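Spelled out from the first residue to the last, the chains are:
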Amino acid sequence: MGIGRAFDRLADWAMEGSAVASFAKTAALVTCAAAVLASPFVYYAQSNNDALKQTIEEIDSGRSEIFNSVAACQTRGYSAEACSASQKVAQDIARSLGTSVSYSSAQDCFNRHAACNSETVMIPMTTMSGNVPITTYIPSTSHYPSVAGWQAASGDLNKAVPLYPTQGGQTLVRRDGRTFTP
């Protein structure tokens, strides 16, 4: 039996029975398909989140430094290359799936942080009208604070996490809510 024939049999099974039964079977199949498609992203996000938590624990277990620029890092005796690499690690974490800080409304972001950026993504939604697919795009906007600095382990600058500005601008906040004075 080929794949096409298997899909045909599955569709026939989903449509047989009463309208309620076929709707329930179709809804279950769509839910399972969505779960299968989303599961790699959920796993990746959870892995990133676990790695961030572990990095925070490692940084908190020893001495750490707070930097708000590569120049500030260099004034503490670190090389420009090490400082730039450390800053990049923190910025990559801030942009990664499962570790980023974002808000659904601009007001929520501004209530917690001094400066926020917005990013709009157009999500395609395709519906069928007869035999014609019609695609509409729905905007989805996320609001996120800019990275204002980073915290790094003193002995290993590659263990770094991003820090975000707070509303008053006097402190920086880590994703877990811990605040630091630069």
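All of the points below concern the structure found in this document. On a predicted model such as this, the values are computed, not experimentally measured, just so you know.

Cysteine pairs can be linked by a disulfide, which is a covalent bond between their two sulfur atoms. Counting across every chain of the model gives two disulfides. The disulfide partner of Cys-73 is Cys-83, and the S-S distance across this bridge is 2.1 Å. Residues Cys-73 and Cys-83 are joined through a disulfide that is left-handed, its torsion about the S-S bond being -80°. Here the residue Cys-73 occupies a position in helix 3 (residues 70-74), and Cys-83 occupies one in helix 4 (residues 80-95), the gap between them amounting to ten residues. Like Cys-73, the residue Cys-83 is buried in the burial classification. With its sulfur 2.0 Å from that of its partner, Cys-109 forms a disulfide with Cys-116. What sets the handedness of the Cys-109 and Cys-116 disulfide is the S-S torsion sign, and at about -100° it is left-handed. Considered together, Cys-109 and Cys-116 belong to a single accessibility category, that of buried residues. Here the disulfide map of the protein reads 1-2, 3-4, the bonded cysteines being numbered as they appear in the sequence.

We now examine the sheet that holds strand 7 (residues 179-180). A sheet is described by the order of its strands in space; here five strands give the open sequence 1-4-5-6-7, paired in antiparallel fashion. Of all strands in the sheet, those with a lone pairing partner are strand 1 (64-67) and strand 7, marking the two edges. Pairing analysis gives four bridges linking strand 1 to strand 4 (residues 149-153), with the strands arranged antiparallel. Bridging from a neighbouring strand, Phe-67 pairs with Trp-150 of strand 4. Here helix 4 sits on the sheet in contact with strand 4 and strand 5 (160-165), set at roughly 70° to strand 5.

Turning our eyes to something else, we now look at the pairing of strand 3 (residues 132-145). Where strand 2 (residues 116-129) meets strand 3, 14 bridges bridge the pair, whose relative direction is antiparallel. Bridged to Cys-116 within strand 3 is Pro-145. Turn length for the strand 2-strand 3 hairpin, with the two strands adjacent in sequence and antiparallel, is two residues, and the turn residue Gly-130 shows positive phi of about 70°.

The topology assignment puts Met-125 in strand 2. The class of Met-125 is partly exposed, set by a relative accessible area of 42%. Residues Met-125 and Tyr-137, spaced twelve residues apart in sequence, show a C-alpha to C-alpha distance of 6.0 Å. Residues contacting Met-125, with those up to four places away along its chain left out, are Ile-134, Thr-135, Thr-136 and Ile-138.

Turning our attention to the nonpolar core. Counting residues in hydrophobic clusters, the biggest one holds nine residues: Phe-67, Val-70, Cys-73, Cys-83, Ala-90, Trp-150, Ala-152, Leu-157 and Ala-160. Those elements giving two or more residues to this core turn out to be helix 3, helix 4 and strand 4. If we ignore the near neighbours within four places in the chain, the residues touching Ala-160 are Thr-55, Ile-59, Ser-86, Val-89, Ala-90, Ile-93, Trp-150, Gln-151 and Ala-152. Core analysis: the second largest hydrophobic core is formed by seven residues, Ala-94, Tyr-103, Tyr-164 and Val-173 among them.

Here we come to the packing of aromatic side chains. Overall, the coordinates contain two aromatic pairs when judged by the stated rule. Geometrically, the ring pair formed by Phe-67 and Tyr-78 is edge-to-face, given 6.0 Å between the ring centres and 85° between the ring planes. Of this pair, Phe-67 sits in strand 1 while Tyr-78 sits in the loop between helix 3 and helix 4, and the two are eleven residues apart along the sequence. Note on Phe-67 and Trp-150: the rings are 5.4 Å apart at their centroids and 50° apart in plane angle, and the pair reads as tilted. Of this pair, Phe-67 sits in strand 1 while Trp-150 is found in strand 4, placing the two residues 83 residues apart along the sequence. Assessed through its relative accessible area of 1%, Trp-150 is described here as buried. Ring pairing ties together the aromatic residues Phe-67, Tyr-78 and Trp-150, which thus form one cluster.

What counts, and at which threshold
- Residues numbered from 1 in each chain as written.
- Predicted model: local features only at pLDDT ≥ 70, side-chain atom pairs only at ≥ 80, totals over all residues.
- Heavy atoms only, no water.
- Disulfide = S-S within 2.5 Å.
- Helix = DSSP H or I, 4+ residues; strand = E, 2+ residues; numbered from the N terminus.
- Buried < 20%, exposed > 50% of the residue type's maximum accessible area, 1.4 Å probe, protein only.
- Pairing = 2+ DSSP bridges.
- Contact = heavy atoms within 4.5 Å.
- Axes fitted to C-alpha atoms, helices over the stretch in contact; angles between N-to-C directions.
- Core = buried A, V, L, I, M, F, W, Y, C linked by side-chain atoms within 4.5 Å.
- Phe/Tyr/Trp six-rings, centres within 6.5 Å; stacked < 30°, edge-to-face > 60°.

Functional significance is not addressed by these values, which are geometric in nature.
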